[in-house]
Amino acid sequence: MTNHWTDIKNADLVLIMGGNAAEAHPCGFKWVTEAKAHNKARLVVVDPRFTRSASVADLYAPIRTGTDIAFLGGLINYLLENDKIQHEYVRNYTDVSFVVREDYAFEDGMFSGYNAEMRRYDKTSWGYEIGEDGYAVVDPTLSHPRCVFNLLKKHYSRYTPDLVSSICGTPKAQMLQVWETIAECSAPGKVMTIMYALGWTQHSVGSQMIRTGAMLQLLLGNIGMPGGGMNALRGHSNIQGLTDLGLLSNLLPGYLSLALDAEQDYAAYIARRAPKPLRPGQLSYWQNYEKFHVSLMKAWYGKNATAENNWGFDWLPKLDVPGYDVLKVFDMMYEGKVNGYFCQGFNPIASFPDKAKVSAALAKLKYLVIMDPLATETSEFWRNAGEFNDVDTASIQTEVFRLPTTCFAEEDGSLVNSGRWLQWHWKGAEPPGQARTDIAIMAGLFHRLRQAYATEGGAFPDPILNLDWPYLKPDEPGPDEIAREFNGKALEDLYDPATGALQAKAGEQLSGFGLLRADGSTASGCWIFCGSWTAQGNQMARRDNADPYAMGQTLGWAWSWPANRRILYNRASADPSGKPWDVEKKRLVWWNGKAWGGTDVPDFKADSSPAEGMNPFIMNPEGVARLFAVDKMAEGPFPEHYEPFETPIGRNPMHPDNALAISNPAARVFKGDMAMLGKADAFPYAATTYRLTEHFHFWTKHCRLNAITQPEQFVEIGEALARELGIAAGERVKVSSNRGYIKAVAVVTKRIKPLTVDGKTVHQIGIPLHWGFAGVARNGYLTNTLTPFVGDGNTQTPEFKSFLVNVEKA
């Protein structure tokens with residue numbers, strides 16, 4: 001979230017799209033009801049199903065799954081055509097005036113630089129024009145034909161209401177009513193928040209869906225505002241912490257990135273990630289990248305990381321392109337190129353697409369290690385479970401080791417929620433049986449590996465042998481020790497370079513990431529967490545909910561990264577002179593004549609006068625937000641509508657004559673899996689997956705009370721489709737894709753209606769995802785039996801939310 005849950009009460013309008021907060025995030029949805037009750041906010045829901053969120057909405061519009069970019073692209077065109085943008089915000093705080101390179105082009109669904117054989121873009125032409133002074137060229141008049149504003153208008157002018165309605169299946173009148181309502185939030189001080197979840201993320205164009213929403217919010221002036229922002233509703237209580245701490249295959253903690261295989265030079269690695277400002281007077285905060293990186297390496301390697309060895313840079317792995325994301329690893333496993341897999345707190349056979357492929361991949365391993373509190377489908381993939389499993393048990397060579405772990409309630413620690421709040425929790429129960437903490441298991445493994453390297457040698461022992469391990473209990477470091485390590489400490493006395501004043505004594509916990517240095521004098525395991533456990537103690541354990549401005553910021557409750565800031569980019573909540581856009585109701589930060597202050601920690605250099613011209617988006621070298629994504633996105637600098645890889649209409653109406661532009665040309669897809677994609681003639685219905693309130697992913701089927709509340713697997717089928725197929729409510733149906741089938745009870749419902757798409761009637765069905773063949777609940781089928789092995793081109797997140805199926809009586 002750029003904002004946080006409590007802040008949603010400050011919204012004037014709430015758009016839920018790509019999520020279902022009332023059902024999947026019922027506690028957080030409280031703040032939507034607060035906004036409606038006390039702020040007279042309106043709620044708009046756009047979803048393939050009429051959900052519980054839609055049931056309390058002021059406006060609901062149906063949409064075909066996978067077409068959100070078309071819907072939002074049409075809305076962007078509507079705002080531009082009807083002059084419904086927040087002009088002063090857009091001119092000052094976005095890149096609309098920046099001139100794009102002359103060799104940039106877009107034609108018939110493809111951006112310049114595409115390599116069809118590699119399914120990848122050379123992004124060189126996706127950049128700003130750079131002047132002789134080294135800065136990006138801008139045109140404040142917005143008259144240059146290649147300035148971002150004019151390119152934006154040209155790109156989305158094709159997204160007319162008629163075409164968008166035809167692609168999305170959303171009735172034109174309903175669509176325009178939603179657009180008109182959202183456009184009202186272009187008025188300064190009137191704010192919409194967008195709440196999205198996996199309904200946007202889990203597509204082959206998921207990152208671009210989210211980016212289109214962010215562009216919409218920028219045009220309306222809603223980023224950085226209280227009650228505004230782009231708010232991702234995380235699916236687990238600590239999934240935010242997972243990405244914060246670098247558990248994605250290409251990341252280090254704090255969203256630092258691993259070097260590519262071609263980046264063997266340390267100085268070049270740092271320089272690429274620490275860009276100089278692209279405009280005069282801007283900050284480009286990532287210029288501090290080396291401070292964060294060196295402090296991380298000192299936390300890991302202690303005295304062994306030195307300037308002479310580039311702080312251990314050579315000990316870090318280097319990535320191929322594309323890297324070893326989860327789809328790549330399982331594709332390699334499927335080809336017999338992986339010996340072993342260590343699975344910690346994860347259930348990939350239920351969480352990855354194409355269960356048959358994942359099962360076959362696991363069966364080719366020499367060993368599989370499972371660390372989990374529960375018996376998961378992955379830990380029992382080898383079990384002959386009848387029609388619920390498609391593995392030939394006799395052919396499996398994999399030796400499975402199951403290591404039972406504690407769960408969160410059986411240990412101290414912290415959780416990071418959707419709003420970036422680090423909240424400490426305390427142990428509530430003793431673990432059962434021989435269950436051990438993840439920390440103890442990993443520590444034991446580390447000591448044995450290091451001993452083996454020390455005594456037997458190895459090809460490259462340095463990364464293991466040089467690790468620092470300074471914990472009081474080496475066999476099981478305490479959560480408090482690790483939390484303090486994430487925060488970081490001074491390794492020697494630190495002095496203010498400007499005044500010479502002592503800032504921290506050697507060994508003292510640091511108060512914030514502003515103290516981190518690139519000279520090896522500081523250590524921090526995760527720079528964004530620096531400030532969470534200071535010399536004053538555990539800030540995550542604070543429980544002061546005082547709210548003196550009645551804005552819901554509660555700065556004394558727990559701790560929020562970065563710097564206890566609750567709303568990111570909050571400088572943008574004030575105009576260029578430093579005055580809040582809405583002085584009466586939405587005062588967040590402001591310039592008081594000497595410094596920035598307010599109800600939140602300023603996301604800005606606190607003593608930078610508005611006259612200096614520093615802009616709010618300090619993490620970008622431009623100082624402004626990007627409507628044109630330069631070189632960051634795999635598919636192009638502007639989001640474009642591409643069909644799901646399994647499309648019920650068989651073409652992209654935006655580009656009907658270009659086969660390359662039917663689906664995302666830069667998506668994560670492997671050649672062998674292209675043949676497994678289904679076609680609409682055999683699989684005519686569009687399907688999507690989702691969660692229920694009564695269950696939590698694949699965990700609560702181990703709990704008898706949850707199993708009672710939702711005892712049996714079902715699928716939702718619209719009344720019109722049920723009539724066509726002769727299916728009555730309560731009958732069992734077989735739902736098949738080109739990769740397998742599931743059987744479930746049919747729930748015939750008014751919540752899903754047929755849509756007219758590209759001149760055809762398209763039926764959609766909904767498939768809850770909570771069942772499997774482990775646990776106390778009645779056995780069912782894993783939903784990802786049906787889903788294609790295709791991923792987003794940026795995050796590699798699988799396309800679980802849009803695929804083709806057939807439906808028949810079981």
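Residues numbered from 1 in each chain as written. Predicted model: local features only at pLDDT ≥ 70, side-chain atom pairs only at ≥ 80, totals over all residues. Heavy atoms only, no water.

The name given to the chain in an unreviewed UniProt entry is Formate dehydrogenase, with the source organism recorded as Ectopseudomonas mendocina S5.2. We quote the UniProt Sequence similarities (unreviewed entry) comment for the chain here in full: "Belongs to the prokaryotic molybdopterin-containing oxidoreductase family." Under Cofactor (unreviewed entry), UniProt gives the following word-for-word description of the chain: "[4Fe-4S] cluster". (UniProt positions renumbered as here; feature names shortened; annotations may be inferred.)

Enquirer: If you had to explain a nonpolar patch on the surface to someone new, which residues and values would you point to?
Expert: Taken together, the side chains of F342, M442, L445 and L449 present a nonpolar region at the surface, about 300 Å² in accessible area. Here the nonpolar patch takes three residues from helix α17 (residues 438–456), the largest share from any one element. Within the secondary structure, L449 is located in helix α17. (Patch = residues over 30% accessible without salt bridge, like charges linked within 9 Å, V, L, I, M, F, W, Y side chains within 5 Å. Areas by Shrake-Rupley, 256 points an atom, 1.4 Å probe, with all protein chains shown as cover. Salt bridge = Lys/Arg side-chain N within 4 Å of Asp/Glu carboxyl O. Helix = DSSP H or I, 4+ residues; strand = E, 2+ residues; numbered from the N terminus.)

Enquirer: I'd like a rundown of the side chain of S379, residues and numbers included.
Expert: By the element assignment, S379 lies in the loop between β13 (367–372) and β14 (399–404). Among the polar contacts listed, one links the side chain of S379 to the backbone oxygen of T376, at a separation of 2.7 Å. Once residues within four sequence positions are removed from consideration, S379 is found in contact with I370, V400 and R402. (Polar contact = N/O pair within 3.5 Å; in protein donor to acceptor, adjacent residues only side chain to side chain. Contact = heavy atoms within 4.5 Å.)

Enquirer: Please set out the packing of helix α4 (residues 68–81) against helix α8 (residues 172–183) residue by residue, giving values where relevant.
Expert: At a minimum axis distance of 10 Å, the contact between α4 and α8 shows a crossing angle of 55°. By the angle between their directions, the pair α4 and α8 is classed as oblique. The handedness of the crossing between α4 and α8 comes out as right-handed. Listed contacts from α8 to F71, G74, L75, Y78 and L79 of α4 are M175, L176, V178, W179, E180, I182 and A183. Looking at the contact of α4 with α8 residue by residue, the class counts come to ten nonpolar, one polar and one charged. (Axes fitted to C-alpha atoms, helices over the stretch in contact; angles between N-to-C directions. Parallel < 35°, antiparallel > 145°, perpendicular 65-115°, else oblique. Left-handed = near helix turned anticlockwise from the far one by under 90°. Nonpolar A, V, L, I, M, F, W, Y, C, P; charged D, E, K, R; others polar.)

Enquirer: Before we move on, could you go through helix α13 (residues 289–301) and cite the residues and values that matter?
Expert: Because the α-helix completes a turn every 3.6 residues, residues three or four places apart line up on one side. Its 13 residues place the ends of α13 18 Å apart at the C-alpha level, agreeing with the 18 Å of an ideal helix rising 1.5 Å per residue. With ten of 13 residues buried, α13 lies mostly within the body of the structure. Those residues of α13 that fall on the buried side of the exposure criterion are Y289, F292, H293, V294, S295, L296, M297, K298, A299 and Y301. Downstream of α13 by a residue or two, G302 has a phi angle that is positive, lying close to 55°. (Expected span 1.5 Å × (residues − 1). Buried < 20%, exposed > 50% of the residue type's maximum accessible area, 1.4 Å probe, protein only.)

Enquirer: Go over the packing of aromatic side chains with me, naming the residues and quoting the values.
Expert: Considering all chains together, one arrives at 46 aromatic pairs under this definition. Judged by centre distance (5.1 Å) and plane angle (85°), the ring pair of F513 and W527 falls under edge-to-face. Here the residue F513 occupies a position in the loop between β19 (502–504) and β20 (522–523), and W527 occupies one in the loop between β20 and β21 (533–534), the gap between them amounting to 14 residues. The class for F513 is buried, based on a relative accessible area of 13%. An aromatic cluster of at least three residues, connected via ring pairs, comprises Y104, F106, F111, Y114, Y121, W126, Y156, Y159, F628 and F638. (Phe/Tyr/Trp six-rings, centres within 6.5 Å; stacked < 30°, edge-to-face > 60°.)

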